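# Coordinates in review
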Amino acid sequence: LRRQRQMCIRDSHNCLWLVKAIAVLMEPVMPAKADALWAQLYGEPRRNVPLSEALAPLVTGTKIGKPTPLFEQVPEEEIKRLSEMVSQRIAKARG
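Throughout what follows, the structure given in this document is the object of discussion. Owing to the predicted nature of the structure, the values given are computational and were not obtained by experimental measurement.

About the criteria used
- Within each chain, residue numbers correspond to sequence positions counted from 1 in written order.
- pLDDT decides what is reported in this predicted model: residues at 70 or higher carry local features, side-chain atom pairs at 80 or more are listed and counted, and totals for whole chains, interfaces and linings draw on all residues regardless.
- Only hydrogens and water are set aside when side-chain values are computed; all heavy atoms of the structure are taken into account.
- Secondary structure elements follow DSSP: runs of H or I of four or more residues count as helices, runs of E of two or more count as strands, with numbering from the N terminus.
- Multiply 1.5 Å by the residue count of a helix minus one, and that product is the helix's expected span.
- The buried label goes to any residue with under 20% of its type's maximum accessible area, the exposed label to any with over 50%, and the partly exposed label to all in between, with areas taken from a 1.4 Å probe on protein chains only.
- Contacts are assigned to residue pairs with any non-hydrogen atoms lying within 4.5 Å of each other.

### Concerning helix α2 (residues 31–42)
Residue pairs spaced three or four apart in an α-helix point in one direction, given the helix's 3.6 residues per turn. Taking 1.5 Å of rise per residue, 12 residues should cover 16 Å, and α2 covers 16 Å from first to last C-alpha, within 8% of that figure. Turning to α2, its buried residues number three or more, namely Ala 34, Asp 35, Leu 37, Trp 38, Gln 40 and Leu 41. Summarising the contacts, the buried residues of α2 are in contact with α1 (2–26). Note on α2: the residue one or two positions beyond its end, Gly 43, has a positive phi of about 85 degrees.

### Details of the environment of Gln 6
Mapped onto the fold, Gln 6 is located in helix α1. Look at Gln 6 and you get partly exposed, because its relative accessible area is 41%. Measuring from C-alpha to C-alpha, the distance between Gln 6 and Trp 17 comes to 16 Å, with 11 residues separating the pair along the chain.

So, in structure tokens, the structure goes:
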């Protein structure tokens, strides 16, 4: 049981580190979504975070906010419609 707890802690830590790296990488192209992600991680948005922060260790003991989805799920019908549109454009471009 203790080993499982340690594995859970390790895996959670690694997942959160990955989420932090994603927040760093998405800030230049999706700043509002990055703000929301930083707020979930540290309680407040951050801007102009250096790329090196993605590899910096997490601050242990930080209380994490309540996770909420950053993006809406795209309905299956919309995916089909967009796929058809892309296929038509590709076919038209090929001639």
